[in-house]
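Residues per chain are reported as follows:
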Amino acid sequence: MKKRLLAALMAGAMALSMTACGSSSDGEETQSSGDGTATAGSYTVGIVQLQQHVALDAATQGFQDKLTELIEADGGSVKFDYDNASGDSANCTTIVNGFVSSGVDLIMANATAALQAAQSATADIPILGTSISDYGTALGVTDWTGTTGTNISGTTDLAPLDGQADMIQELFPDATNVGMLYCSAEPNSSYQINTIKPYLEEMGYTCTEYAFTDSNDVASVAQNAASNSDVIYIPTDNTAASCTEAIANVVIPAGVPVVAGEQGICSGCGVATLSIDYYELGEATAEMAYEILVNDADPGTMEIQSAPNFTKMYNAANAETLGVTIPDDYTAIE
């Protein structure tokens, strides 16, 4: 009888011990800390980035650095499977399908085409987007409420478009024609143009759209815009961001200033921007990833997060070359 009682007690103790821990997807245990919060296990995160340019690179780096810091501080480890699609949406699909086949724990999709590829590839693996201007547009959701109700959430890089319109009015009050230069193949660029255009028209500007289809016609379309505009506006646009040298080679000799939607484009060809810190945006995305991986947060109920800070910035060299006077509350891009 005593032996049976001892055996029962030992079995009960083993059962309690087993319920104190769960497991991550690779089989390593995620331990309970004893205060109701989880401690990290071992994870693999797939990162698909549409193309290489300053803004997207910074977002990816911020994401990797912050998530590594958070996971390791909690006793776990994280491995990143990173791939760059070189600006090709079809490559995004191939990359994401590879992540799904290998069973990564989470996918970070950097830029709209990358997010759309991830959305099409899996409804099960958690997905976080970053450097996305508008999630409703990117995901094809007409009644956007701020959460997806699916396996997707993330961060947006959209600076206030009314604030960008105010910047154009502040710097160029005597201008008449605003050229709107963007890539027609990027839905989020079209969204920004359609949003800021009414603000500018209400201010009295005549706005004309100059859309290029890819990097091959950027220079020719930029030349057309420069010939017919007093100032050019470029939204957060990945193709433009990868072709700033070509744009600068047109607009600077033509004497036409560019107000850009983000810092990277402004650094290459602009005079001013109301921009975010993309490294900080990546960090914010990592904090969401931590909650999903370690604390089992549901991405479908996580609200899309905005960048923590917006800053008026200017390109000192281009401003001087074009004779643009910059107010004191702007910060020079280093």
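See the structure printed just above.
Here the structure is a predicted model, which means the values were calculated and not measured.

## Regarding the overall build of the chain
Point 1. Scanning the chain from N- to C-terminus turns up 13 helices and 15 strands.
Point 2. Residues classed as buried in the chain amount to 50% of the 334 residues present.
Point 3. Of the roughly 14,800 Å² that the chain leaves accessible, carbon and sulfur atoms contribute 48%.

## Focus on the environment of S306
Point 1. Of note, S306 is situated in strand β13 (residues 305-306).
Point 2. Spatially, the C-alpha atom of S306 lies 6.6 Å from that of D157, the residues being 149 residues apart in sequence.

## Describing empty space enclosed by the protein
Point 1. Evaluation of the coordinates by the stated rule reveals one cavity of 30 Å³ or more.
Point 2. Taken together, 17 residues line the largest cavity, and the ones lying closest to its centre are S131, D157, T236, D237 and N238.
Point 3. Residue assignment for the lining of the largest cavity shows that the elements contributing at least two residues are α2 (54-73), α7 (187-202) and α9 (238-241).
Point 4. Broken down by element, the residue count for the lining of the largest cavity peaks at three residues, all from α7.
Point 5. Partitioned by chemical class, the residues of the lining of the largest cavity number five nonpolar, eight polar and four charged.

## With respect to the sheet that holds strand β7 (residues 152-156)
Each strand in a sheet pairs with its neighbour through backbone hydrogen bonds, running either in the same direction (parallel) or in the opposite one (antiparallel).
Point 1. The strand order across the open sheet built from six strands is β4-β3-β5-β6-β7-β13, with neighbouring strands paired in parallel fashion. The sheet terminates laterally at β4 (77-84) and β13, the two strands that pair on one side only.

## Remarks on the nonpolar core
The nonpolar side chains of soluble globular proteins are, as a tendency, buried together.
Point 1. Core analysis: the biggest nonpolar cluster contains 28 residues, and I168, F172, V178, L200 and Y233 have the highest contact counts within it.
Point 2. Looking at this core, the elements with two or more residues in it are α6 (161-171), β8 (177-183), α7, β10 (231-234), β12 (272-275) and α13 (316-322).
Point 3. With five residues, α6 is the single largest residue contributor to this core.
Point 4. Setting aside residues no more than four positions away along its own chain, F172 makes contact with Y205, V231, P257, V259, V271 and V324.
Point 5. Core analysis: the second largest hydrophobic core is formed by 26 residues, L181, A240, V250 and A260 among them.

## Considering the packing of aromatic side chains
Point 1. Evaluation of the coordinates by the stated rule reveals two aromatic pairs.
Point 2. Between Y135 and W144, the ring centres sit 6.4 Å apart and the planes meet at 15°, which makes this aromatic pair stacked.
Point 3. With a relative accessible area of 2%, Y135 lands in the buried category.

## Focus on the environment of L322
Point 1. Here L322 lies in helix α13.
Point 2. Measuring from C-alpha to C-alpha, the distance between L322 and G255 comes to 5.9 Å, with 67 residues separating the pair along the chain.
Point 3. Dropping the residues within four chain positions of it, L322 is found in contact with I252, G255, V256, P257 and V271.

## Topic: the pairing of strand β6 (residues 127-132)
Point 1. Counting buried residues in β6 gives six out of six residues, a clear majority hidden from the surface.
Point 2. For the handedness criterion, the β-α-β arrangement of strand β5 (residues 106-110), helix α4 (residues 112-121) and β6 is classed as right-handed.

## A short note on helix α3 (residues 89-102)
Since the α-helix advances by 3.6 residues per turn, residues separated by three or four positions end up pointing in the same direction.
Point 1. Between its first and last C-alpha, α3 extends 20 Å over 14 residues, near the 20 Å set by a 1.5 Å rise per residue.
Point 2. Of the positions making up α3, those classed as buried are C92, I95, V96 and F99. One side of α3 holds all its buried residues, which, seen down the axis, span an arc of 95°. Of the exposed residues in α3, the ones pointing more than 90 degrees away from its buried face are T94 and S101.
Point 3. Contacts made by the buried residues of α3 are with β3 (42-49), β4, β5 and α4.
Point 4. Taken from the residues just after α3, G103 is the one with a positive phi, measuring 75°.

Cut-off values and rules
- Residues numbered from 1 in each chain as written.
- Predicted model: local features only at pLDDT ≥ 70, side-chain atom pairs only at ≥ 80, totals over all residues.
- Heavy atoms only, no water.
- Helix = DSSP H or I, 4+ residues; strand = E, 2+ residues; numbered from the N terminus.
- Buried < 20%, exposed > 50% of the residue type's maximum accessible area, 1.4 Å probe, protein only.
- Areas by Shrake-Rupley, 256 points an atom, 1.4 Å probe, with all protein chains shown as cover.
- 1 Å grid on protein atoms, 1.4 Å probe; cavity = no way out; pocket = protein on both sides within 12 Å on 5 of 7 lines; lining within 4 Å.
- Points joined across faces, edges and corners; volume = space filled by probe spheres on them.
- Nonpolar A, V, L, I, M, F, W, Y, C, P; charged D, E, K, R; others polar.
- Pairing = 2+ DSSP bridges.
- Core = buried A, V, L, I, M, F, W, Y, C linked by side-chain atoms within 4.5 Å.
- Contact = heavy atoms within 4.5 Å.
- Phe/Tyr/Trp six-rings, centres within 6.5 Å; stacked < 30°, edge-to-face > 60°.
- Right-handed = clockwise from strand over helix to strand, strands pointing away.
- Expected span 1.5 Å × (residues − 1).
- Arc of directions from axis to C-beta.

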